[in-house]
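Listed here are the chains, written in short residue letters.
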Amino acid sequence: MKRACSIFLIALFILIALTGCNPNQKEIQNNFLEILEKPASEESIDEALEYLNQYLSKLDEERATYMVHEMEHYILNFDKDGIDYNEWGARYEGYIDPALTGLYQIMAEEQESPLAEDTVLMKSWAELAQKTHNIELYIKENRDVELIKEDFKWIYGNYMNAMLMGTNGTPIFDYKTSVFSEDAKLAYKTFINQYPDSTTAWALKEYFSYLNSIQFKMNYNDKIESKLFFDTCNWLVLESRKRVTQ
(Lines give C-alpha, C1' and ligand atoms only; values in the text may rest on other atoms or scores of the structure.)
Protein backbone atom coordinates (compact mmCIF):
# COMPACT_ATOMS: atom_id res chain seq x y z
CA MET A 1 0.00 0.00 0.00
CA LYS A 2 2.80 2.39 0.97
CA ARG A 3 4.64 1.59 -2.27
CA ALA A 4 1.50 2.32 -4.34
CA CYS A 5 0.99 5.64 -2.55
CA SER A 6 4.62 6.56 -3.16
CA ILE A 7 4.31 5.84 -6.88
CA PHE A 8 1.11 7.90 -7.05
CA LEU A 9 2.73 10.86 -5.26
CA ILE A 10 5.78 10.74 -7.51
CA ALA A 11 3.55 10.75 -10.61
CA LEU A 12 1.55 13.63 -9.17
CA PHE A 13 4.67 15.69 -8.47
CA ILE A 14 5.93 15.06 -12.01
CA LEU A 15 2.59 16.18 -13.46
CA ILE A 16 2.59 19.35 -11.34
CA ALA A 17 6.19 20.08 -12.32
CA LEU A 18 5.44 19.66 -16.02
CA THR A 19 2.33 21.80 -16.01
CA GLY A 20 4.07 24.43 -13.91
CA CYS A 21 6.91 24.75 -16.42
CA ASN A 22 4.65 25.01 -19.47
CA PRO A 23 2.08 27.80 -19.86
CA ASN A 24 -1.37 26.67 -20.96
CA GLN A 25 -2.84 27.68 -24.30
CA LYS A 26 -4.83 30.61 -22.94
CA GLU A 27 -1.77 31.95 -21.17
CA ILE A 28 0.32 31.57 -24.32
CA GLN A 29 -2.26 33.53 -26.32
CA ASN A 30 -2.59 36.26 -23.70
CA ASN A 31 1.19 36.69 -23.47
CA PHE A 32 1.36 36.92 -27.25
CA LEU A 33 -1.38 39.54 -27.43
CA GLU A 34 0.43 41.60 -24.80
CA ILE A 35 3.39 41.80 -27.16
CA LEU A 36 1.10 42.93 -29.98
CA GLU A 37 -0.20 45.75 -27.80
CA LYS A 38 3.18 47.43 -28.17
CA PRO A 39 3.54 49.96 -31.00
CA ALA A 40 4.77 48.01 -34.02
CA SER A 41 8.51 48.24 -34.67
CA GLU A 42 11.18 45.94 -36.05
CA GLU A 43 12.06 44.98 -32.48
CA SER A 44 8.48 44.22 -31.38
CA ILE A 45 7.82 42.28 -34.59
CA ASP A 46 10.94 40.16 -34.01
CA GLU A 47 9.89 39.58 -30.40
CA ALA A 48 6.36 38.53 -31.42
CA LEU A 49 7.59 36.25 -34.20
CA GLU A 50 10.07 34.56 -31.87
CA TYR A 51 7.33 33.96 -29.31
CA LEU A 52 4.86 32.75 -31.94
CA ASN A 53 7.31 30.30 -33.46
CA GLN A 54 8.34 29.01 -30.04
CA TYR A 55 4.84 28.21 -28.82
CA LEU A 56 2.78 27.62 -31.96
CA SER A 57 3.19 23.84 -31.84
CA LYS A 58 1.63 23.81 -28.34
CA LEU A 59 -1.64 25.35 -29.58
CA ASP A 60 -4.77 23.87 -31.06
CA GLU A 61 -5.69 24.87 -34.62
CA GLU A 62 -8.18 27.56 -33.58
CA ARG A 63 -5.73 29.46 -31.38
CA ALA A 64 -2.86 28.96 -33.81
CA THR A 65 -4.98 30.35 -36.65
CA TYR A 66 -5.97 33.36 -34.59
CA MET A 67 -2.42 34.16 -33.54
CA VAL A 68 -0.92 33.76 -37.02
CA HIS A 69 -3.66 36.00 -38.44
CA GLU A 70 -3.04 38.64 -35.77
CA MET A 71 0.70 38.46 -36.39
CA GLU A 72 0.15 38.95 -40.12
CA HIS A 73 -1.87 42.11 -39.60
CA TYR A 74 0.53 43.43 -36.97
CA ILE A 75 3.32 43.24 -39.55
CA LEU A 76 1.21 44.72 -42.36
CA ASN A 77 0.19 47.68 -40.21
CA PHE A 78 3.90 48.44 -39.83
CA ASP A 79 4.93 47.57 -43.41
CA LYS A 80 2.28 46.84 -46.05
CA ASP A 81 4.90 44.88 -48.03
CA GLY A 82 6.32 43.14 -45.00
CA ILE A 83 5.14 39.61 -45.77
CA ASP A 84 6.21 37.17 -48.47
CA TYR A 85 3.03 35.10 -48.63
CA ASN A 86 4.68 32.10 -50.27
CA GLU A 87 7.11 31.83 -47.38
CA TRP A 88 4.50 32.80 -44.77
CA GLY A 89 1.96 30.24 -45.93
CA ALA A 90 4.55 27.46 -46.11
CA ARG A 91 5.82 28.25 -42.62
CA TYR A 92 2.43 28.06 -40.89
CA GLU A 93 0.44 25.69 -43.12
CA GLY A 94 0.73 22.77 -40.72
CA TYR A 95 -0.71 24.71 -37.78
CA ILE A 96 -3.59 26.82 -39.07
CA ASP A 97 -7.08 26.42 -40.52
CA PRO A 98 -6.90 25.42 -44.23
CA ALA A 99 -9.17 28.39 -45.00
CA LEU A 100 -6.43 30.77 -43.89
CA THR A 101 -3.82 28.77 -45.77
CA GLY A 102 -5.95 29.15 -48.90
CA LEU A 103 -6.18 32.90 -48.39
CA TYR A 104 -2.40 33.05 -48.13
CA GLN A 105 -2.14 31.13 -51.40
CA ILE A 106 -4.39 33.72 -53.06
CA MET A 107 -2.22 36.51 -51.64
CA ALA A 108 0.94 34.74 -52.83
CA GLU A 109 -0.51 34.54 -56.35
CA GLU A 110 -1.29 38.26 -56.16
CA GLN A 111 2.31 39.04 -55.19
CA GLU A 112 3.66 36.92 -58.04
CA SER A 113 1.14 38.18 -60.61
CA PRO A 114 -0.31 41.48 -59.36
CA LEU A 115 -3.64 42.87 -60.45
CA ALA A 116 -2.03 46.14 -61.51
CA GLU A 117 1.35 47.86 -61.67
CA ASP A 118 1.72 51.64 -61.73
CA THR A 119 -2.09 51.92 -62.16
CA VAL A 120 -2.02 49.73 -65.31
CA LEU A 121 -3.99 46.48 -65.25
CA MET A 122 -1.78 43.43 -65.65
CA LYS A 123 -4.66 41.09 -66.52
CA SER A 124 -7.07 41.05 -69.45
CA TRP A 125 -10.74 41.72 -68.76
CA ALA A 126 -11.45 38.01 -69.25
CA GLU A 127 -8.69 37.03 -66.80
CA LEU A 128 -9.96 39.60 -64.34
CA ALA A 129 -13.50 38.19 -64.42
CA GLN A 130 -12.22 34.62 -64.04
CA LYS A 131 -9.96 35.56 -61.11
CA THR A 132 -12.83 37.37 -59.41
CA HIS A 133 -14.99 34.28 -59.83
CA ASN A 134 -12.25 31.99 -58.46
CA ILE A 135 -12.02 34.14 -55.35
CA GLU A 136 -15.81 34.08 -55.05
CA LEU A 137 -15.83 30.26 -55.07
CA TYR A 138 -13.15 30.09 -52.41
CA ILE A 139 -15.00 32.53 -50.20
CA LYS A 140 -18.25 30.59 -50.51
CA GLU A 141 -16.45 27.41 -49.46
CA ASN A 142 -15.03 29.12 -46.36
CA ARG A 143 -17.47 31.90 -45.50
CA ASP A 144 -18.21 30.40 -42.08
CA VAL A 145 -14.67 31.22 -40.95
CA GLU A 146 -15.48 34.50 -39.20
CA LEU A 147 -11.87 35.41 -38.44
CA ILE A 148 -10.99 36.07 -42.07
CA LYS A 149 -14.34 37.27 -43.39
CA GLU A 150 -13.10 40.87 -43.64
CA ASP A 151 -9.99 39.71 -45.51
CA PHE A 152 -12.24 37.88 -47.95
CA LYS A 153 -14.39 40.96 -48.45
CA TRP A 154 -11.34 43.10 -49.10
CA ILE A 155 -9.71 40.94 -51.75
CA TYR A 156 -12.97 40.13 -53.54
CA GLY A 157 -13.99 43.79 -53.46
CA ASN A 158 -10.61 44.81 -54.81
CA TYR A 159 -10.98 42.54 -57.85
CA MET A 160 -14.63 43.42 -58.36
CA ASN A 161 -13.74 47.11 -58.26
CA ALA A 162 -11.06 46.68 -60.95
CA MET A 163 -13.40 44.57 -63.08
CA LEU A 164 -16.11 47.24 -63.07
CA MET A 165 -14.02 50.42 -63.12
CA GLY A 166 -10.67 49.50 -64.60
CA THR A 167 -7.79 51.61 -63.33
CA ASN A 168 -6.41 55.06 -64.04
CA GLY A 169 -3.89 53.50 -66.41
CA THR A 170 -6.43 51.11 -67.96
CA PRO A 171 -9.81 52.88 -67.97
CA ILE A 172 -12.86 50.83 -68.90
CA PHE A 173 -14.26 53.81 -70.84
CA ASP A 174 -11.89 55.35 -73.37
CA TYR A 175 -10.63 58.74 -72.19
CA LYS A 176 -10.92 60.23 -75.68
CA THR A 177 -14.04 58.66 -77.16
CA SER A 178 -15.89 57.96 -73.86
CA VAL A 179 -16.87 54.55 -75.29
CA PHE A 180 -16.92 51.41 -73.15
CA SER A 181 -14.18 48.86 -73.89
CA GLU A 182 -15.26 46.36 -76.55
CA ASP A 183 -12.85 43.80 -75.12
CA ALA A 184 -14.44 44.13 -71.69
CA LYS A 185 -17.95 43.89 -73.15
CA LEU A 186 -17.12 40.66 -74.97
CA ALA A 187 -15.27 39.16 -72.00
CA TYR A 188 -18.06 39.92 -69.56
CA LYS A 189 -20.84 38.62 -71.82
CA THR A 190 -18.87 35.41 -72.29
CA PHE A 191 -18.38 35.12 -68.53
CA ILE A 192 -22.08 35.61 -67.80
CA ASN A 193 -22.91 32.80 -70.23
CA GLN A 194 -20.39 30.51 -68.54
CA TYR A 195 -21.28 31.24 -64.89
CA PRO A 196 -24.84 32.66 -64.93
CA ASP A 197 -25.61 31.76 -61.31
CA SER A 198 -22.50 33.25 -59.73
CA THR A 199 -22.47 36.45 -57.67
CA THR A 200 -19.88 37.84 -60.05
CA ALA A 201 -22.26 37.25 -62.98
CA TRP A 202 -25.10 38.86 -61.03
CA ALA A 203 -23.00 41.99 -60.63
CA LEU A 204 -22.12 42.02 -64.33
CA LYS A 205 -25.78 41.64 -65.33
CA GLU A 206 -26.65 44.65 -63.17
CA TYR A 207 -23.65 46.45 -64.64
CA PHE A 208 -24.90 45.82 -68.18
CA SER A 209 -28.30 47.22 -67.24
CA TYR A 210 -26.54 50.43 -66.27
CA LEU A 211 -24.36 50.36 -69.42
CA ASN A 212 -27.38 49.89 -71.65
CA SER A 213 -29.05 52.87 -70.00
CA ILE A 214 -26.12 55.11 -70.94
CA GLN A 215 -25.60 53.42 -74.34
CA PHE A 216 -22.09 52.31 -73.31
CA LYS A 217 -20.74 55.86 -73.25
CA MET A 218 -19.50 57.84 -70.25
CA ASN A 219 -17.35 60.96 -70.09
CA TYR A 220 -15.04 60.98 -67.05
CA ASN A 221 -14.92 64.79 -67.23
CA ASP A 222 -18.69 65.10 -66.91
CA LYS A 223 -19.38 65.37 -63.17
CA ILE A 224 -22.93 64.02 -63.36
CA GLU A 225 -22.05 61.08 -65.61
CA SER A 226 -18.93 60.16 -63.67
CA LYS A 227 -20.74 60.38 -60.31
CA LEU A 228 -23.44 58.02 -61.55
CA PHE A 229 -20.75 55.63 -62.82
CA PHE A 230 -18.79 55.57 -59.56
CA ASP A 231 -21.93 55.36 -57.41
CA THR A 232 -23.21 52.42 -59.47
CA CYS A 233 -19.90 50.60 -59.27
CA ASN A 234 -19.50 51.24 -55.55
CA TRP A 235 -22.97 49.84 -54.88
CA LEU A 236 -22.27 46.74 -56.96
CA VAL A 237 -18.99 46.13 -55.13
CA LEU A 238 -20.60 46.49 -51.69
CA GLU A 239 -23.59 44.36 -52.59
CA SER A 240 -21.42 41.65 -54.17
CA ARG A 241 -19.16 41.51 -51.12
CA LYS A 242 -22.21 41.08 -48.94
CA ARG A 243 -23.63 38.31 -51.10
CA VAL A 244 -20.49 36.18 -51.30
CA THR A 245 -19.97 36.18 -47.53
CA GLN A 246 -23.60 35.53 -46.48
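Residues numbered from 1 in each chain as written. Predicted model: local features only at pLDDT ≥ 70, side-chain atom pairs only at ≥ 80, totals over all residues. Heavy atoms only, no water.

1. So, a negative patch on the surface
Rules: Note on patches: the residues involved have over 30% relative accessible area and no salt bridge, like charges join within 9 Å, and the nonpolar side chains Val, Leu, Ile, Met, Phe, Trp and Tyr join within 5 Å. Shrake-Rupley sampling with a 1.4 Å probe provides the accessible areas, and residues are treated as covered by the protein chains on show and by no other component. Just to be clear on terms, a salt bridge is a Lys or Arg side-chain nitrogen sitting within 4 Å of an Asp or Glu carboxyl oxygen. Counted as positive: Lys and Arg. Counted as negative: Asp and Glu, with His and the chain ends omitted from the count. Taken as the charge centre is NZ of Lys, CZ of Arg, CG of Asp or CD of Glu, depending on the residue. Counting from the N terminus, the helices are the DSSP runs of H or I reaching at least four residues and the strands are the DSSP runs of E reaching at least two. The rule is simple: take the accessible area with a 1.4 Å probe, protein chains only, and divide by the maximum for that residue type; under 20% is buried, over 50% is exposed, in between is partly exposed.
A contiguous patch of negative charge on the surface is contributed by Glu42, Glu43, Asp46, Glu50 and Asp79. Of note, Asp79 is situated in the loop between α4 (61-78) and α5 (85-92). On the basis of relative accessibility, which here comes to 35%, the residue Asp79 falls in the partly exposed class.

2. Details of the packing of aromatic side chains
For any two aromatic rings, the description comes down to two numbers: the centre-to-centre distance and the angle of the planes. Let me state the cut-off plainly: Aromatic rings from Phe, Tyr and Trp, with only the six-membered ring used for Trp, were paired whenever their centres fell within 6.5 Å, and each pair was classed as stacked if the ring planes differed by under 30 degrees, edge-to-face if by over 60, and tilted otherwise. The rule is short: NZ of Lys or CZ of Arg within 6 Å of the ring centre and within 35 degrees of the ring normal puts a charge over the ring.
Taken as a whole and assessed by the stated rule, the structure comprises 19 aromatic pairs. Seen in terms of ring centroids, Tyr85 and Tyr104 are 5.6 Å apart; in terms of plane orientation they differ by 35°. Their pairing is tilted. One end of the pair, Tyr85, is in helix α5; the other, Tyr104, is in helix α6 (residues 98-112), with 19 residues separating them in the sequence. Between the aromatic rings of Phe180 and Phe216, the centroid separation amounts to 5.8 Å while the plane-to-plane angle is 65°, which identifies the pairing as edge-to-face. Taken together, the residues span a long stretch of sequence, with Phe180 in the loop between α8 (149-165) and α9 (182-194) and Phe216 in the loop between α10 (199-213) and α11 (223-245) at a distance of 36 residues. By relative accessible area, which is 12% here, Phe216 ends up buried. An aromatic cluster of three or more residues is present, and its members are Phe173, Tyr175, Phe180, Tyr207, Phe208, Tyr210, Phe216, Tyr220, Phe229 and Phe230. Directly above the ring of Phe216 sits Lys185, whose terminal nitrogen or CZ lies 4.1 Å from the centroid. The ring centre of Trp202 lies 3.8 Å from the NZ or CZ of Arg243, which sits over that ring.

3. Notes on the confidence of the model for the chain
The condition is simple: Per-residue confidence from the prediction method is given by pLDDT, with values spanning 0 to 100. Here, two residues are considered to be in contact whenever any of their heavy atoms come within 4.5 Å of each other.
Looking at the chain as a whole, the pLDDT averages 91, with 91% of positions reaching at least 70. Long-range and interchain partners of residues 1-21, a stretch whose pLDDT sits below 50, account for 0 contacts in this model, where long-range means more than four residues apart.

4. Notes on the nonpolar core
Note the following rule: Throughout, nonpolar core names a set of buried Ala, Val, Leu, Ile, Met, Phe, Trp, Tyr and Cys residues whose side chains join them through atoms within 4.5 Å.
Core analysis: the largest hydrophobic core is formed by 73 residues, its most contacted members being Met71, Tyr188 and Tyr207. Top element by residues in this core is α8. It accounts for 9 residues.

5. Description of the side chain of Thr132
Residue placement: Thr132 occurs in helix α7 (residues 125-142). In this structure Thr132 comes out as buried when scored by relative accessible area, which is 0%. Ignoring sequence-local partners within four residues, the contact set of Thr132 consists of Tyr156, Tyr159, Met160, Met163 and Thr200.

6. Some thoughts on the pattern of salt bridges
Close approach of charged atoms lets side chains of opposite charge pair. Tallied over the full model, the rule gives 12 salt bridges. The partner of Lys140 in a salt bridge is Glu136, and the shortest N-O contact between them spans 2.7 Å. Remark: Glu136 and Lys140 occur in helix α7; sequence separation between them is 4 residues, near one turn of the helix. For Lys140, a relative accessible area of 29% puts it in the partly exposed group. In this structure Glu136 comes out as buried when scored by relative accessible area, which is 1%. Note that Glu239 and Arg243 form a salt bridge whose closest N and O atoms lie 3.3 Å from each other. Note that Glu239 and Arg243 are positioned in helix α11 at a spacing of 4 residues, about one turn of the helix. A relative accessible area of 17% means that Glu239 is categorised as buried. Through salt bridges with shared partners, a single network forms among Glu239, Lys242 and Arg243.

7. A look at α10
Note the following rule: Multiplying 1.5 Å by the residue count of a helix minus one yields the expected span of that helix.
Over its 15 residues, α10 runs 22 Å from end to end, which matches the ideal 21 Å to within 8%, given 1.5 Å per residue. Contacts from the buried residues of α10 go to α7, α8, α9 and α11. Where α10 terminates, the next one or two residues include Gln215, which has phi positive at roughly 55°.

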